[in-house]
Amino acid sequence: MPELPEVETIRRALSAEFLGRELRKLTVKERVHLLKNCGARRLRERLLGRSLETIGRRAKYLLFGFGSETLVLHLRMSGRLLLAPAGHTRLVLEFAPAKKLYFDDTRRFGALYLQPTAELDRLVPLARLGLEPFRPEYTLKGFKGLLGSGQEIKRLLLDQHKLAGLGNIYACEVLYLAGIHPQRPAKSLAPAEARRLYLAIPKVLQAAINAGGSSIDSYRHPDGALGGFQNEFKVYGQAGRPCMACGTLIERIVQGGRSSFYCPSCQPRGL
Ligand SMILES: [Zn+2]
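Residues numbered from 1 in each chain as written. Predicted model: local features only at pLDDT ≥ 70, side-chain atom pairs only at ≥ 80, totals over all residues. Heavy atoms only, no water.

**Regarding the nonpolar core**
Step number 1: Core analysis: the largest hydrophobic core is formed by 40 residues, its most contacted members being Phe143, Ile153, Leu157, Leu163, Leu197 and Ile201.
Step number 2: Secondary structure elements with two or more residues in this core: helix H5 (153–158), helix H6 (168–178) and helix H7 (191–210).
Step number 3: Considering every element that reaches this core, the biggest residue donor is H7, with 9 residues.
Step number 4: Ignoring sequence-local partners within four residues, the contact set of Leu197 consists of Tyr138, Phe143, Ile153, Leu157, Val174, Leu175, Ala178, Ile180 and Leu189.
Step number 5: Counting 30 residues, the second-largest nonpolar core is a separate cluster that includes Phe18, Phe64, Leu73 and Tyr219. (Core = buried A, V, L, I, M, F, W, Y, C linked by side-chain atoms within 4.5 Å. Buried < 20%, exposed > 50% of the residue type's maximum accessible area, 1.4 Å probe, protein only. Helix = DSSP H or I, 4+ residues; strand = E, 2+ residues; numbered from the N terminus. Contact = heavy atoms within 4.5 Å.)

**Here's the deal with the coordination of the zinc ion**
For a metal with four tetrahedral donors the ideal donor-metal-donor angle is 109.5 degrees, whereas six octahedral donors ideally subtend 90 or 180 degrees.
Step number 1: Here the zinc ion is held by the protein donor atoms Cys243 (SG), Cys246 (SG), Cys263 (SG) and Cys266 (SG), which lie 2.2 to 2.4 Å from it.
Step number 2: For the zinc ion, the 4 donor atoms are set out with angles of 99 to 113° between them, so the coordination reads as tetrahedral.
Step number 3: Written as a sequence motif, the donor residues of the zinc ion are C-x2-C-x16-C-x2-C.
Step number 4: Owing to a relative accessible area of 0%, Cys263 belongs among the buried residues under this scheme.
Step number 5: You can call Cys266 partly exposed: its relative accessible area is 26%. (Donors = N, O, S within 2.8 Å, 3.2 Å for Na, K, Ca; no water. Tetrahedral: all angles 85-135°; square planar, octahedral: opposite > 155°, others 65-115°.)

**Considerations on the packing of aromatic side chains**
In this description, an aromatic ring pair is defined by two values, namely the gap between the centres and the angle between the planes.
Step number 1: Inspection of the entire model under this criterion finds 8 aromatic pairs.
Step number 2: Between Phe233 and Tyr236, the ring centres sit 5.4 Å apart and the planes meet at 80°, which makes this aromatic pair edge-to-face. Tyr236 shares its class with Phe233; the two are buried.
Step number 3: Grouping aromatic residues by their ring pairs yields a cluster made of Tyr170, Phe229, Phe233, Tyr236 and Phe261. (Phe/Tyr/Trp six-rings, centres within 6.5 Å; stacked < 30°, edge-to-face > 60°.)

**Considering the sheet that holds strand S5 (residues 79–82)**
Step number 1: Sheet architecture is open: 4 strands sit in the order S1-S6-S7-S5, paired in antiparallel fashion. Each edge of the open sheet carries a strand with a single partner, namely strand S1 (22–28) and S5. Sheet twist, expressed as the mean angle between neighbouring strand axes with direction ignored, is 15°.
Step number 2: With 6 bridges joining them, S1 and strand S6 (residues 89–96) adopt antiparallel strand pairing. Bridged to Val28 within S6 is Leu91.
Step number 3: The strands that helix H1 (residues 4–18) touches are S5, S6 and strand S7 (99–105); relative to S7, the one it contacts most, it runs at about 155°. (Pairing = 2+ DSSP bridges. Axes fitted to C-alpha atoms, helices over the stretch in contact; angles between N-to-C directions.)

**A few points about the domain arrangement of the protein**
Step number 1: Taken as a whole, the protein is organised into domain 1 (4–127) and domain 2 (140–262).
Step number 2: Measuring from the centre of the C-alpha atoms in domain 1 to the corresponding centre in domain 2 gives 28 Å.
Step number 3: Across the domain 1 to domain 2 interface the summed buried area is about 1400 Å²; carbon plus sulfur atoms make up 68%.
Step number 4: Its largest share of buried area at the contact with domain 2, domain 1 owes to Pro5, Glu6 and Thr9, together 34% of the area lost on that side.
Step number 5: Taken together, the connections running from domain 1 to domain 2 amount to 0 salt bridges.
Step number 6: Applying the counting criterion to the domain 1 and domain 2 interface returns 4 residue pairs in polar contact (both at pLDDT 80 or more).
Step number 7: The greatest single-element share of the side of domain 1 that touches domain 2, amounting to 9 residues, is contributed by H1.
Step number 8: Among the residues making up the side of domain 1 that touches domain 2, the classes are represented as 10 nonpolar, 2 polar and 5 charged. (Domains from an automatic or database assignment. Buried area = accessible area lost by both parts, 1.4 Å probe. Salt bridge = Lys/Arg side-chain N within 4 Å of Asp/Glu carboxyl O. Polar contact = N/O pair within 3.5 Å; in protein donor to acceptor, adjacent residues only side chain to side chain. Nonpolar A, V, L, I, M, F, W, Y, C, P; charged D, E, K, R; others polar.)

**Some points on the environment of Ala96**
Step number 1: The residue Ala96 is located in strand S6 in this model.
Step number 2: Here Ala96 falls in the buried class, since its relative accessible area comes to 16%.
Step number 3: Sequence spacing of Ala96 and His33 is 63 residues, and the spatial spacing of their C-alpha atoms is 28 Å.
Step number 4: If sequence neighbours within four positions are ignored, Ala96 has contacts with Arg21, Glu22 and Arg24.

**A word on the packing of H6 against H7**
Step number 1: H7 packs onto H6 with a crossing angle of 130° between their chain directions and a minimal axis gap of 8 Å. With respect to their mutual orientation, H6 and H7 come out oblique. The two elements H6 and H7 meet at a crossing, and its hand is right-handed. Listed contacts from H7 to Tyr170, Glu173, Val174, Leu175, Leu177 and Ala178 of H6 are Arg196, Leu197, Ala200, Ile201, Lys203, Val204, Leu205 and Ala208.
Step number 2: Grouping the constituent residues of the contact of H6 with H7 by class yields 11 nonpolar, no polar and 3 charged. (Parallel < 35°, antiparallel > 145°, perpendicular 65-115°, else oblique. Left-handed = near helix turned anticlockwise from the far one by under 90°.)

Here it is, written out as structure tokens:
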């Protein structure tokens, strides 16, 4: 699933290609699953003839700003935004002068919303998002405020209502960098550990953005290129290989149905 760094990489690539262009045609090829709060006709009524003024991002949501209306898109499991059609086109946006953007989604979990720009924060999935790295409200105090429960720290990091934008890959990498075992109860973290984790989150995300995201499944840049951060994983997918820091073999466990990878020496279980 694309996580925050992949969505940010896509946002930057699309900004370079489409900003300032007028939307001329909009073709919905799959409306049942994709369109969450509007029909294809309303999309065309509200958006055709308008220029794409901004492409923003909130956690893993892309925000296409057409003046007073914003298209909100979540790629979910397999959604891709491409400059050329692939096998599972669900939506086509045609801009002037001639340039097309294809939303391709094999598994059909992608979600599209139309929302008045002035009321963007009130759109339900956005309104429910938790603390987001890189935004001003991401403070050490705010972060520590999330750690009061006995929930396993890895699962807390994946809860989008608490912390927005981290998925399984980066949660594993962040916990490794901070030296924290994924099964530690959140409230057991010492102040120094909470601070290390707070700092590790934007650090890992920024490194991944700089590398153009991680291509481990369907994720591609809009022009088809691969991301590069999968070559820099320290623990994710590395079970059985030696830790780069200490040589101990990386282990894999399952938490909430998701794989967690960690170094048993650098990320001790007990304190
Ligand atoms: Zn280690």
